[in-house]
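Descriptive structure summary
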Amino acid sequence: MNINSLIQLLVILEECPDPDAVVTELEQALHGSGFEYYGLLRHLQQGPAQQNIELRAAPLAGRWPEQWLQIYAAKKYVRIDPMVRFLAHAQRPFRWRESMAAFDGDVHQRRMEQMMVDAFGHGLEDGYLFPIHGRNGILGSLSLGGKPIDLSPVEIALLEAVARKTFWRLLDLKGEAEALETVLPTETPLTRREMEILHYLAEGMTSMEISKMLKISNHTVDWYMNGLQAKLKAKNRQQAVALAFRHGLLS
């Protein structure tokens, strides 16, 4: 692996003018490092009532073997994927095989083994997973796969830095980085009326439409909206709705 190319990538990413350029630079560096396949995910934030729901994620970039994602979805492997389950508690990068060892004797072990056999048959013989953490917990991850590659501690540290840099650069270029790291104060829960207005706001309703729906004045609606923005630390109504979705207040 060319360590210098990874160091150079960390500098180049900062200069990329758009998301497509970021993905292009990342893929070139990963291919040069011997990894044919990868997936960069953004993990969706969950509210207090959703803590037991399986980890949900949205792809930011990726390249996987043909048909693999369809097979993964059809066989519902996400429910037993050892990497996904291990990731939920991981504090450091890990090799795929580490996650399998962690669930030795698990009730789903046979299905996990079948998943790994299917993955191997599609060229995913081995890989690594790099969690990306923030103040709100795990925010994303970068999974690298293909032929077996033994990484040194230095290479793992550099790839971990690349994962974080790529993740935040993409979100920054999309205008989503600041909102993702905003922490919702637990000591200021939303009231029932605030939640009602938030739902109507998410549906695109104006203050006047909401006031008619709730049979209150426009000024009262605006007063509630100002309180919502303050509690969510949002700059405007649109960001308040976005933050509410990310914190699991809306679904």
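Note: the structure precedes this text.
Here goes a summary of the coordinates provided. Since we're looking at a predicted model, the values are computed, not measured. (Residues numbered from 1 in each chain as written. Predicted model: local features only at pLDDT ≥ 70, side-chain atom pairs only at ≥ 80, totals over all residues. Heavy atoms only, no water.)

A few points about the pattern of salt bridges
- Going through the model one piece at a time under the given rule, you end up with 16 salt bridges.
- Here K165 ties to E14 by a salt bridge, and the two come within 2.4 Å at their closest N and O atoms. One end of the pair, K165, is in helix α7 (residues 153–173); the other, E14, is in helix α1 (residues 3–15), and 151 residues separate them in sequence.
- Linking E196 and R193 is a salt bridge whose minimum nitrogen-to-oxygen distance equals 2.9 Å. Of this pair, E196 and R193 both sit in helix α9 (residues 192–202), separated by 3 residues, roughly a single helical turn.
- Within this structure, R95, R97, D126 and D150 form a network of salt bridges that share partners. (Salt bridge = Lys/Arg side-chain N within 4 Å of Asp/Glu carboxyl O. Helix = DSSP H or I, 4+ residues; strand = E, 2+ residues; numbered from the N terminus.)

Concerning the packing of α9 against helix α11 (residues 218–232)
- Here α9 crosses α11 at 90°, and the two axes come no closer than 10 Å. If you check the angle between α9 and α11, you find them roughly perpendicular. Where α9 abuts α11, its residues R193, E194, I197, L198 and L201 lie against V221, Y224, M225, G227, L228 and K231.
- In terms of residue class, the contact of α9 with α11 is made up of 7 nonpolar, 1 polar and 3 charged. (Axes fitted to C-alpha atoms, helices over the stretch in contact; angles between N-to-C directions. Parallel < 35°, antiparallel > 145°, perpendicular 65-115°, else oblique. Contact = heavy atoms within 4.5 Å. Nonpolar A, V, L, I, M, F, W, Y, C, P; charged D, E, K, R; others polar.)

Considering the packing of aromatic side chains
- Counting across every chain of the model gives 7 aromatic pairs.
- Ring geometry for Y72 against Y77: centres 6.2 Å apart, planes inclined by 65°, an arrangement best described as edge-to-face. Like Y77, Y72 is buried.
- Taken together, the aromatic side chains of W68, Y72 and Y77 make up a single cluster linked through ring pairs. (Phe/Tyr/Trp six-rings, centres within 6.5 Å; stacked < 30°, edge-to-face > 60°. Buried < 20%, exposed > 50% of the residue type's maximum accessible area, 1.4 Å probe, protein only.)

A short note on the nonpolar core
- Formed by 29 residues in total, the largest nonpolar core has its most connected members in F35, Y38, F130, L142, L144, L151 and L159.
- Looking at this core element by element, the count peaks at 7 residues for α7.
- Counting 19 residues, the second-largest nonpolar core is a separate cluster that includes Y72, I80, M83 and M112. (Core = buried A, V, L, I, M, F, W, Y, C linked by side-chain atoms within 4.5 Å.)

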